[in-house]
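Structure assessment
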Amino acid sequence: MIQGMSFGIVNRYIRLHVEEDLDGRMVFVGGPRQVGKTTFALGFLDEPSTEHPGYLNWDIPTKREGLLRGELPADQPTVILDEIHKHPQWRNLVKGFFDVHRGKRRIIVTGSARLDYYSMGGDSLQGRYHLYRLHPMSLAEMPDAGLESLLRFGGFPEPLLRAQTRFWRRWQLERMHRVINDDIRDMENVQHIGKLELLAEELLHRVGAPLSVESLRKKLGVAHDTVLRWLEIFERMFICYRIAPFGAPRIRAVRKEQKLYMWDWSLVPETGPRFENLVASHLLKYCHFIQDTEGYRMELRFIRDTDRREVDFVVLRDAKPIFAVECKTGERNVSPHVFYFRDRTDIPRFFQVHGATRDYEKDGIRVLPL
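Please read all numbers here as calculations on a predicted model, not as lab measurements.

**Quick word on the nonpolar core**
The nonpolar side chains of soluble globular proteins are, as a tendency, buried together. Within the largest apolar cluster, 67 residues are counted, with the highest numbers of intra-cluster contacts made by Ile184, Leu203, Phe234, Met262 and Phe313. Not counting residues within four places of it along the chain, the set of residues in contact with Ile184 comprises Val179, Val190, Leu196, Ile233, Phe234, Met237 and Ile239.

**Side note on the packing of helix 8 (residues 193-203) against helix 9 (residues 213-220)**
Here helix 8 crosses helix 9 at 135°, and the two axes come no closer than 11 Å. Relative to helix 9, helix 8 is oriented oblique. Here helix 8 runs over helix 9; the crossing is right-handed. Contacts between helix 8 and helix 9 involve Lys195, Leu198, Leu199, Glu202 and Leu203 on the former and, on the latter, Leu216, Lys219 and Leu220. The residue makeup of the contact of helix 8 with helix 9, split by class, is five nonpolar, no polar and three charged.

**A closer look at the sheet that holds strand 4 (residues 106-111)**
On the basis of which strands lie adjacent, the open sheet formed by five strands has the order 2-3-4-1-5 and parallel pairing. One side of each edge strand has no neighbouring strand; the edge strands of this open sheet are strand 2 (55-57) and strand 5 (129-133). Ignoring strand direction, the axes of neighbouring strands in this sheet form an average angle of 20°. Sheet topology note: the strand 1 (residues 26-30)/strand 5 ladder contains five bridges and is parallel. By the bridge assignment for strand 5, Gly30 is matched with Arg133. Packed onto the sheet, helix 3 (residues 61-68) meets strand 2 and strand 3 (78-82) and runs at close to 100° relative to strand 2.

**Focus on the environment of Arg12**
Counting through the fold element by element, Arg12 comes out in the segment before helix 1 (15-21). On the accessibility criterion, Arg12 (5% relative accessible area) is buried. Residues Arg12 and Phe313, spaced 301 residues apart in sequence, show a C-alpha to C-alpha distance of 26 Å. Within the structure, Arg12 has its side chain in polar contact with the backbone oxygen of His135 (distance 2.8 Å).

**Brief notes about the confidence of the model for the protein chain**
Taken over all residues, the pLDDT of the protein chain has a mean of 91, while the share at 70 or more is 95%. Between residues 1-9, whose pLDDT stays under 50, and residues either more than four places distant or in other chains, the model counts 19 contacts.

**Digging into the side chain of Ser149**
Relative to the elements of secondary structure, Ser149 occurs in helix 5 (residues 146-153). Its relative accessible area of 17% is what places Ser149 among the buried residues. Setting aside residues no more than four positions away along its own chain, Ser149 makes contact with Gly154 and Leu160.

**Some points on the environment of Val190**
By the secondary structure assignment, Val190 is in the loop between helix 7 (165-187) and helix 8. The sequence separation of Val190 and Ile233 amounts to 43 residues, and the corresponding C-alpha distance is 9.6 Å. Non-local contacts of Val190, meaning those with residues more than four positions away in its chain, are made with Ile184, Leu196, Arg229, Trp230 and Ile233.

**Description of the packing of aromatic side chains**
Counted by the stated rule, this structure contains 12 aromatic pairs. Ring geometry for Tyr13 versus Phe289: centroids 5.9 Å apart, planes at 55°, classification tilted. Of this pair, Tyr13 sits in the segment before helix 1 while Phe289 is found in helix 11 (residues 271-294), placing the two residues 276 residues apart along the sequence. Since its relative accessible area comes to 23%, Phe289 is described here as partly exposed. Both rings, one in Tyr241 and one in Tyr261, keep their centres 5.9 Å apart while their planes meet at 35°; by these two values the pair is tilted. With Tyr241 in strand 6 (residues 240-245) and Tyr261 in strand 7 (residues 259-262), the pair connects residues that are 20 residues apart, well separated along the chain. The two residues Tyr241 and Tyr261 agree in class, both being buried. Here a set of aromatic residues connected by ring pairs shows up, and it is made of Phe238, Tyr241, Tyr261, Trp263 and Phe313. Positioned over the ring face of Trp58 is Arg64, at 5.5 Å from the centre of the ring. Over the aromatic face of Phe167 sits the side chain of Arg162, whose NZ or CZ is 4.3 Å from the ring centroid.

**Describing the pattern of salt bridges**
Applying the stated rule across the entire model yields 31 salt bridges. Here Lys259 and Glu276 are joined by a salt bridge, their closest N and O atoms 3.2 Å apart. Of the two residues, Lys259 sits in strand 7 while Glu276 sits in helix 11, which places them 17 residues apart along the sequence. Accessibility assignment for this pair places Lys259 and Glu276 in one class, buried.

Criteria and cut-off values
- Residues numbered from 1 in each chain as written.
- Predicted model: local features only at pLDDT ≥ 70, side-chain atom pairs only at ≥ 80, totals over all residues.
- Heavy atoms only, no water.
- Core = buried A, V, L, I, M, F, W, Y, C linked by side-chain atoms within 4.5 Å.
- Buried < 20%, exposed > 50% of the residue type's maximum accessible area, 1.4 Å probe, protein only.
- Contact = heavy atoms within 4.5 Å.
- Axes fitted to C-alpha atoms, helices over the stretch in contact; angles between N-to-C directions.
- Helix = DSSP H or I, 4+ residues; strand = E, 2+ residues; numbered from the N terminus.
- Parallel < 35°, antiparallel > 145°, perpendicular 65-115°, else oblique.
- Left-handed = near helix turned anticlockwise from the far one by under 90°.
- Nonpolar A, V, L, I, M, F, W, Y, C, P; charged D, E, K, R; others polar.
- Pairing = 2+ DSSP bridges.
- Polar contact = N/O pair within 3.5 Å; in protein donor to acceptor, adjacent residues only side chain to side chain.
- pLDDT = per-residue confidence, 0-100.
- Phe/Tyr/Trp six-rings, centres within 6.5 Å; stacked < 30°, edge-to-face > 60°.
- Lys NZ or Arg CZ within 6 Å of the ring centre and 35° of its normal.
- Salt bridge = Lys/Arg side-chain N within 4 Å of Asp/Glu carboxyl O.

Following this line, the structure appears as structure tokens:
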């Protein structure tokens with residue numbers, strides 16, 4: 001996918017911001033395995049190839065040996081350190097590279113894990129890097145792909161561009177196997193790998209619904225705290241993410257329930273939850289983009305009260321709601337829950353999105369195609 005494929009030279013949505021930040025700091029690019037991080041990073045080299053001397057992959061033993069000796073290739077203005085977070089002392093190693101070569105080299109660090117989490121502890125990297133989270137392709141990035149293709153094949157570049165069901169199935173099996181059996185084994189102390197695979201499968205049937213850790217505990221036959229820890233590992237490895245409820249003073253909002261979504265929505269078997277997951281992922285991508293580039297504290301939440309009225313999503317900026325979104329797979333009337341929460345919260349704008357074509361406004365609620 002890196003060489004010979006047109007996608008490799010398409011500028012991703014964070015390109016200009018990363019270019020600007022590289023002038024003064026390192027750039028960390030985290031995201032799911034095979035979301036296009038390496039392809040994106042290679043675009044900053046004069047020749048985008050994994051054979052380029054400026055590309056240093058921790059998983060390649062010869063490259064690893066040089067990095068452990070504190071060596072960077074000579075005469076390379078841009079250096080990519082790929083998967084280096086697998087080294088237990090990677091923070092100090094990267095800090096040393098930056099302090100020695102500050103102003104002389106541009107350093108990009110990529111990894112298929114939460115680099116902000118795995119940069120905690122040890123020698124501080126504070127003030128030395130900017131973090132970006134690279135998301136799967138979305139409608140804004142790939143308008144020609146269309147909604148139907150994105151729903152069916154997901155937003156990961158390779159299966160989306162191939163658009164072949166057989167290839168998608170095989171790619172999914174291989175990717176999940178590598179995430180659980182390679183990435184998690186490398187980064188976490190987990191013994192029951194087989195049960196992690198069962199958890200990953202089980203979560204696909206719980207997308208968009210209140211997540212019951214107790215139910216998962218019984219299903220897997222493990223302790224409550226074990227399920228919580230495994231969910232946190234899955235979040236750090238960009239398998240899934242959870243969103244919390246939004247509580248407003250005039251509604252009896254639920255406080256503890258969370259909803260769960262997958263980074264790869266194409267795995268969700270049912271049409272309605274898959275569409276909701278796709279919308280969630282688009283909104284999370286927006287939140288991460290604004291936070292990573294502008295510095296606002298962005299949150300994606302949902303609204304539900306104790307009477308089970310619900311609106312799917314609320315986007316917050318610096319703890320203040322800026323808009324809410326309800327999802328419907330077809331062209332339907334506005335959900336009565338939207339009007340209910342509109343009249344009882346300070347959310348300034350409500351939208352209802354669907355997968356069809358009608359675009360209209362009803363009593364101040366915009367109903368529009370995704």
